[in-house]
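Chain residues, written in single-letter form:
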Amino acid sequence: MAPAVDIDIDPDSSTAPFDQLRLQIIEQVRSGQLIAGTKIPTVRALAVEVGLAPNTVAKAYRELGEQGVIETRGKQGTFIASGGDPIRAGAEKAATGYVQELRKLGVSDEEILGFVQSALRGAE
């Protein structure tokens with residue numbers, strides 16, 4: 001049986017339950033609580049454990065898989081992905097893509113930095 005992940009879903013939060021689940025798993029990977037190769041519960045098992053619909057957990061698992069945080073190994077189950085920091089790798093890829101797209105539009109590097117700084121201030 002897979003070890004339980006420590007997930008606490010706040011029904012009163014403005015953050016969607018699937019995002020709460022996804023973000024908490026990411027944080028546990030970053031903190032080292034969940035390490036590469038750790039088997040995590042099945043969608044159904046985790047849904048029961050945290051009181052969410054299986055489709056909600058499946059959506060979070062899909063996004064985590066797309067982000068490279070988890071990997072499914074067929075009938076063996078779902079595991080924390082190995083190798084590097086998938087969150088940092090994804091962030092670097094997104095930043096590179098953003099810069100490339102803005103440069104194609106003729107935006108200067110100085111303007112790009114300004115957009116990022118404005119976005120960071122707006123996200124506070």
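Refer to the structure above for everything that follows.
To keep things clear, this report deals only with the structure shown in the data block. Predicted model only: the values in this text are computed from it and were never measured. (Residues numbered from 1 in each chain as written. Predicted model: local features only at pLDDT ≥ 70, side-chain atom pairs only at ≥ 80, totals over all residues. Heavy atoms only, no water.)

1. A few points about the overall build of the protein
For step 1, the next point in the chain: Within the protein, the secondary structure is distributed over 5 helices and 3 strands.
For step 2, the next point in the chain: Secondary structure of the protein in N-to-C order comes out as α-β-α-α-β-β-α-α.
For step 3, the next point in the chain: The C-alpha extent of the protein, read off along each of the three principal axes, is 55 × 35 × 25 Å.
For step 4, the next point in the chain: Looking at the protein as a whole, 30% of its 124 residues qualify as buried.
For step 5, the next point in the chain: Here the analysis covers contacts within the protein between residues at least 6 apart in sequence; of these, 49% occur between residues at least 24 apart.
For step 6, the next point in the chain: Total accessible area on the protein is roughly 8,200 Å²; 53% of this is exposed by carbon and sulfur atoms.
For step 7, the next point in the chain: Placing the 13 positive and 17 negative side-chain charges of the protein at their respective mean positions leaves the two points 9 Å apart. (Helix = DSSP H or I, 4+ residues; strand = E, 2+ residues; numbered from the N terminus. Buried < 20%, exposed > 50% of the residue type's maximum accessible area, 1.4 Å probe, protein only. Contact = heavy atoms within 4.5 Å. Areas by Shrake-Rupley, 256 points an atom, 1.4 Å probe, with all protein chains shown as cover. Lys, Arg positive; Asp, Glu negative; His and termini not counted. Charge placed at Lys NZ, Arg CZ, Asp CG, Glu CD.)

2. Quick word on the environment of asparagine 55
For step 1, the next point in the chain: Note on placement: asparagine 55 falls in helix α3 (residues 54-66).
For step 2, the next point in the chain: Given the relative accessible area of 65%, asparagine 55 is considered exposed.
For step 3, the next point in the chain: Sequence separation between asparagine 55 and glycine 32 is 23 residues; the distance between their C-alpha atoms is 27 Å.

3. Comments concerning the environment of aspartate 10
For step 1, the next point in the chain: Within the fold, aspartate 10 resides in the segment before α1 (17-31).
For step 2, the next point in the chain: Spatially, the C-alpha atom of aspartate 10 lies 8.0 Å from that of glutamine 20, the residues being 10 residues apart in sequence.

4. Thoughts on the packing of aromatic side chains
For step 1, the next point in the chain: Tallying each qualifying case throughout the model produces 0 aromatic pairs.
For step 2, the next point in the chain: Over the aromatic face of phenylalanine 18 sits the side chain of lysine 59, whose NZ or CZ is 4.0 Å from the ring centroid.
For step 3, the next point in the chain: The ring of phenylalanine 79 has arginine 73 sitting right over it, with the charged end atom 3.9 Å from the ring centre. (Phe/Tyr/Trp six-rings, centres within 6.5 Å; stacked < 30°, edge-to-face > 60°. Lys NZ or Arg CZ within 6 Å of the ring centre and 35° of its normal.)

5. Focus on the sheet that holds strand β1 (residues 39-40)
Two orientations exist for strands paired in a sheet by backbone hydrogen bonds: parallel and antiparallel.
For step 1, the next point in the chain: One open sheet accounts for 3 strands, arranged β1-β3-β2; its pairing is antiparallel. Of all strands in the sheet, those bounded by a partner on one side alone are β1 and β2 (70-72).
For step 2, the next point in the chain: Relative to strand β3 (residues 78-80), β1 runs antiparallel, the two being bridged by 2 bridges. By the bridge assignment, lysine 39 is partnered in β3 with phenylalanine 79. (Pairing = 2+ DSSP bridges.)

6. Some details on the nonpolar core
For step 1, the next point in the chain: Leu21, Ile25, Tyr61 and Val69 are the most contacted members of the largest nonpolar core, which has 22 residues in total.
For step 2, the next point in the chain: Sorting the residues of this core by element identifies α1, α2 (43-50) and α3 as the ones contributing at least two each.
For step 3, the next point in the chain: Aside from chain neighbours lying at most four places away, what touches leucine 21 is Ile7, Ile9, Leu46, Leu52, Val57 and Ala60. (Core = buried A, V, L, I, M, F, W, Y, C linked by side-chain atoms within 4.5 Å.)

7. Thoughts on a negative patch on the surface
For step 1, the next point in the chain: Together, Asp6, Asp8, Asp10, Asp12 and Glu49 line one region of the surface with negative charge.
For step 2, the next point in the chain: You can call aspartate 10 partly exposed: its relative accessible area is 37%. (Patch = residues over 30% accessible without salt bridge, like charges linked within 9 Å, V, L, I, M, F, W, Y side chains within 5 Å. Salt bridge = Lys/Arg side-chain N within 4 Å of Asp/Glu carboxyl O.)

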